[in-house]
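Structural overview
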Amino acid sequence: MGQGIIFVTVEKRMSRIIIRTFIFVIIFLFLINSFNFSEANNSTKIQLRLKNGDASDQKLDDLKLFINKKEIEITGKEKKERYIDKEKLLGRNFILTFMNFDEFGKILEEAISYFVTEVLKKSDSLIVHTNTNIHQIKVTENKERMILIISNRLKRDMKYEFKKSVRILKNINNEISKMERFFGSYSPSAGILAGGAYYFKFFATIIPDILFYKKEFIIPAKKRFTEIHDLLGYREGDRYWIFIQNGNVYPFSGRVRNTIKSVRSHLSRMGTGDSSWIKMVGSKIREMQDSMLVDGPYPEKLMKSGFINTNTSFFALLYSSDITSSANKTMDLQLSEILKKISEDTGGILIETNDIEKGMEKIREHRDHFWDIMFEIPEEKGRLKLRMETGGREKDLFYRKRFEEKELIELKKYLSKTKIVIEKPEYKDNKLSFSIRYFSLNKRGGFGLLKVIIQLFDNTGKERYRRSNTLRAEERRINISTRIPEEFSSGYKMRVSVLDMISNRLVVKELK
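So, a few notes on the structure that sits alongside this text. (Residues numbered from 1 in each chain as written. Predicted model: local features only at pLDDT ≥ 70, side-chain atom pairs only at ≥ 80, totals over all residues. Heavy atoms only, no water.)

1. Side note on the environment of Pro-299
When you line up the elements, Pro-299 lands in the loop between helix H7 (276-292) and helix H8 (300-309). A sequence separation of 79 residues divides Pro-299 from Pro-220, and the C-alpha atoms of the two residues are 7.3 Å apart. Here Pro-299 is in contact with Ile-219, Pro-220 and Lys-222, once residues within four sequence places are set aside. (Helix = DSSP H or I, 4+ residues; strand = E, 2+ residues; numbered from the N terminus. Contact = heavy atoms within 4.5 Å.)

Next up, the structure:
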């Protein structure tokens, strides 16, 4: 009897423990859900461009993606078109580079004024870049102040670069002047030996100076590109890099070319003497010409891979006061080809111009067509190597080719972060209601700034109704309720877009 009572008591206690445990689990799961904790989202996308191809003309039905030699499922493909003047909610990210300018003049001042007043918007971000510095410019409504800030910083950088270059330029110009004086006073009776020795010494002296000048003032500093990509991080919005290059790369190139002509002409006229000098001088001439070429040291691969990896379209403006003539055709053509290749492979264009402002107008009109390719990041350690093919070909496809291990870790952290969300959207009795959570707060004021846009589209995709408002949110969660005109009560597709104006993040929900 007593044992039976004990058994029943234990059973009741066990039942109460099970019930309490069950209730605890339910509450715990509810809390987990309410705080939006979930498994990391490893879904990402990369841009794909086809050489000499408009993405709108391609279907890519047979596109395949391989990661570390294993075929990976493509979870989505979407054709995209973007251009600088296209209206978008997200702020854009601009980088303006000024390369090889040793002074800040009216041409550059007008170009900056045009860009700030006609292109830049309050929601955009701006970085100004020279070989000397990187400047993060705060974008405000005060256009005149922005122009002044950018101008002053460029003046300072260019003054510094000029001071660095003036000594080496002086050495180069002095050596050229010596040769010009030599030819001005040369007498054929002096003989080829003296001329050959003199020419050899000239080239041997000037080559190291030209190499130094090229390294310091013509070749872009590699580390600056990495620093700028790191500064932007995972900031959303289109990225446009406008690279304004001074086309007068070597200000002394015309005089050097004339000196080479004089040397060759003189040596060809001399019929006597030691012919070994002709070979030695000829070798030095070729060495000097090679020293002025930029294709070897120019960081073309680093620049292109960096732009592709960060979805950045690169535009090159090669400026020359007179594009019909050139002091060094070979030099200009080589640099032009490098910048053109980088531009075309990243969705931009090269423009050779004597008017930077008009060049920017053409950049604004340029259409970039590409595909967004979506896939799940595989759970593998180490780097990931990507390969795509379509129609049995891999050539002429431009996309990100690898993720380094460190990059993957940072990307997964970003993807797993809680981002702005639209919760519980409901449309009933011509009334739309929803909540917005997880938006960023202003660091100083502790408030959120949200732009909410409601759109209705008919069956053809044409927008029939739009309503937008910018809201200041004091709380962590904001509830929205608004009436929709009765004539749009059914048969339309509804899109709700919310832009977090502080973090530049966008979330979109579509309803029937």
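2. A word on the sheet that holds strand S17 (residues 448-457)
Here we have 4 strands laid out as an open sheet, ordered S18-S17-S20-S21, and antiparallel in their pairing. Of all the strands in the sheet, the pair left with one neighbour each is strand S18 (463-473) and strand S21 (505-511). Within the sheet, the average angular offset between the axes of one strand and its neighbour, ignoring direction, is 15 degrees. Relative to strand S20 (residues 493-500), S17 is paired through 8 bridges, and the arrangement is antiparallel. Across the sheet, the residue bridging to Phe-457 is Lys-493, located in S20. (Pairing = 2+ DSSP bridges. Axes fitted to C-alpha atoms, helices over the stretch in contact; angles between N-to-C directions.)

3. Things to note about the side chain of Lys-214
Structurally, the position occupied by Lys-214 is in helix H4 (residues 192-218). Here Lys-214 is buried and forms no salt bridge, its nearest opposite-charge partner Asp-295 lying at an N-O distance of 7.0 Å. Of the polar contacts made by the side chain of Lys-214, one reaches the backbone oxygen of Leu-293; its length is 2.8 Å. Apart from the residues within four sequence positions on either side, Lys-214 is in contact with Ile-219, Tyr-250, Asp-290, Ser-291, Met-292, Leu-293, Val-294 and Pro-297. (Buried < 20%, exposed > 50% of the residue type's maximum accessible area, 1.4 Å probe, protein only. Lys, Arg positive; Asp, Glu negative; His and termini not counted. Salt bridge = Lys/Arg side-chain N within 4 Å of Asp/Glu carboxyl O. Polar contact = N/O pair within 3.5 Å; in protein donor to acceptor, adjacent residues only side chain to side chain.)

4. With respect to unusual backbone geometry
Even without glycine at this site, Asp-429 takes up a positive phi of about 55 degrees. Inspection of the secondary structure assignment puts Asp-429 in the loop between strand S15 (421-428) and strand S16 (431-437). If you check the backbone angles, Asn-504 has positive phi at about 55 degrees while not being a glycine. For Asn-504, the location among the structural elements is in the loop between S20 and S21.

5. Some thoughts on the side chain of Asp-345
Mapped onto the elements of the fold, Asp-345 is located in helix H9 (residues 329-345). Using a relative accessible area of 2% as the deciding quantity, one classes Asp-345 as buried. Excluding its chain neighbours within four sequence positions, the residues that come into contact with Asp-345 are Arg-49, Lys-51, Lys-304, Ile-308 and Phe-398.

6. Some words on the environment of Asp-209
Its place among the elements puts Asp-209 in helix H4. Here the alpha-carbon distance between Asp-209 and Asn-171, two residues 38 residues apart in the chain, equals 7.5 Å. Ignoring anything within four residues of it in the chain, the contact list for Asp-209 reads Ile-168, Asn-171 and Ile-172.

7. Digging into the environment of Gly-491
Topologically, Gly-491 is positioned in the loop between strand S19 (477-483) and S20. When its relative accessible area of 60% is taken as the criterion, Gly-491 is described as exposed.

8. Considerations on the packing of aromatic side chains
Under the criterion given, the structure shown has 21 aromatic pairs. Relative to Phe-314, the ring of Phe-307 has its centre 4.9 Å away and its plane inclined at 15 degrees; by these criteria the two rings are stacked. The same class applies to Phe-307 and to Phe-314, which are both buried. Members of the aromatic cluster, joined through ring pairs, are Phe-225, Trp-241, Phe-243, Phe-307 and Phe-314. The lysine or arginine in question, Arg-472, covers the ring of Phe-447, its NZ or CZ lying 3.6 Å from the ring centre. (Phe/Tyr/Trp six-rings, centres within 6.5 Å; stacked < 30°, edge-to-face > 60°. Lys NZ or Arg CZ within 6 Å of the ring centre and 35° of its normal.)

9. Things to note about the packing of helix H5 (residues 222-232) against H8
H8 packs onto H5 with a crossing angle of 5 degrees between their chain directions and a minimal axis gap of 10 Å. As the angle between them shows, H5 and H8 are arranged roughly parallel. Contact residues: H5 offers Lys-222, Phe-225 and His-229, while H8 offers Leu-302, Met-303, Gly-306 and Phe-307. Residue composition of the contact of H5 with H8, grouped by class: 4 nonpolar, 2 polar and 1 charged. (Parallel < 35°, antiparallel > 145°, perpendicular 65-115°, else oblique. Nonpolar A, V, L, I, M, F, W, Y, C, P; charged D, E, K, R; others polar.)

10. Section: the pairing of strand S6 (residues 125-129)
The buried fraction of S6 amounts to 5 of the 5 residues, a majority that puts the element mostly inside the structure. In this structure, strand S5 (residues 93-99) lies alongside S6, joined through 5 bridges in parallel fashion. The residue bridging Leu-96 from the neighbouring strand is Val-128, located in S6. Of the pairings in the sheet, the one linking S6 to strand S7 (residues 134-137) comprises 4 bridges and is antiparallel in character. Residue pairing in the sheet places Leu-126 in a bridge with Ile-137 of S7. Between S6 and S7, which pair antiparallel in sequence order, lie 4 residues.

11. A look at the packing of helix H6 (residues 253-269) against H7
Two elements in contact, H6 and H7, have axes separated by 11 Å at closest approach and are oriented at 165 degrees. Taken together, the axis directions place H6 and H7 in an arrangement best described as roughly antiparallel. By crossing handedness, the relation of H6 to H7 is classed as left-handed. Seen from H6, the contacting residues are Ser-253, Val-256, Ile-260, Val-263, Arg-264 and Leu-267; seen from H7, they are Ile-278, Val-281, Ile-285, Met-288, Gln-289 and Met-292. Looking at the contact of H6 with H7, its residues break down into 9 nonpolar, 2 polar and 1 charged. (Left-handed = near helix turned anticlockwise from the far one by under 90°.)

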